[in-house]
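In case you want the letters, here they are:
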Amino acid sequence: MASRRGVLLGAGAVGAGVVLAACGGKESGTSAGPSSGGETTAAASNSVKAADVPVGGGAVLKEAKVVVTQPKAGEFKAFTAICTHKQCTVSKVADGTIDCPCHGSKFSAVDGSVVQGPADQPLAPKTVTLAGDTLTVA
């Protein structure tokens, strides 16, 4: 016979799993590559070809949970792809912003700052390096 405490803990764990799944956003397997507002999913890779990060746009590396942007030609930035509002994965970079599909938060593609809420904290910056034609995020 299960204890009352065990039943309540189990129910809480199931409820938490439902909430996390509902806020996780859409995950996809792979993508052919980004357009000006596209996304790239590299199989757990934290690198992307510089040519796949359009000027004024970016690439979301969902498996690595990072986003790489190119605000100006030859200037690359990287940030966590996890929205600071409810931890959804951002979905695209378009018109100078990194966009979260869950609740509409938008972040600057230049510095990760909040452009539109409900998020109230910026995306954490990451280090991006260019070696040859490949960008790697650390």
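What you see is a predicted model, and the numbers here were worked out from it, not measured in a lab.

A. Structural view of the environment of Gly132. Within the fold, Gly132 resides in the loop between β10 (128-131) and β11 (134-137). When the C-alpha positions of Gly132 and Ala50 are compared, they lie 8.9 Å apart, and in sequence the two are 82 residues distant.

B. Representation of unusual backbone geometry within the structure. Going from Gly117 to Pro118, the amide bond is cis rather than trans, its omega being 25°. Structurally, Pro118 is set in the loop between β8 (114-116) and β9 (125-126). Unlike most non-glycine residues, Gln87 shows phi in positive territory, near 65°. Positionally, Gln87 belongs in the loop between β4 (75-80) and β5 (92-94). Phi at Asp95 is positive, roughly 55°, even though this residue is not glycine. Asp95 gets classed as exposed once you look at its relative accessible area, which sits at 81%.

C. Region of the structure containing the sheet that holds β11. Taken in spatial order, the three strands of this open sheet run β1-β11-β10, and their pairing is antiparallel. Strands at the two margins of the open sheet, each flanked by one partner only, are β1 (47-49) and β10. Between one strand axis and the next, the sheet turns through 25° on average, direction left out of account. Pairing of β1 with β11 involves three bridges; the strand directions are antiparallel. The partner of Val48 across the bridge, within β11, is Leu135.

D. Region of the structure containing the confidence of the model for the protein. Averaged over every residue, the pLDDT of the protein is 75; the share at 70 or more is 68%. Long-range and interchain partners of residues 5-44, a stretch whose pLDDT sits below 50, account for 58 contacts in this model, where long-range means more than four residues apart.

E. Examining the sheet that holds strand β7 (residues 106-108) more closely. Here four strands make up an open sheet; going across it, the order is β5-β6-β7-β8 and the pairing antiparallel. Edge positions in the sheet fall to β5 and β8, since each has one partner strand and no second. Taken over all neighbouring pairs, the strand axes of this sheet differ in orientation by 35° on average, direction set aside. With three bridges connecting them, strand β6 (residues 97-99) and β7 associate as antiparallel partners. Across the sheet, the residue bridging to Asp99 is Lys106, located in β7.

So, how was this worked out
Residues numbered from 1 in each chain as written. Predicted model: local features only at pLDDT ≥ 70, side-chain atom pairs only at ≥ 80, totals over all residues. Heavy atoms only, no water. Helix = DSSP H or I, 4+ residues; strand = E, 2+ residues; numbered from the N terminus. Buried < 20%, exposed > 50% of the residue type's maximum accessible area, 1.4 Å probe, protein only. Pairing = 2+ DSSP bridges. Axes fitted to C-alpha atoms, helices over the stretch in contact; angles between N-to-C directions. pLDDT = per-residue confidence, 0-100. Contact = heavy atoms within 4.5 Å.

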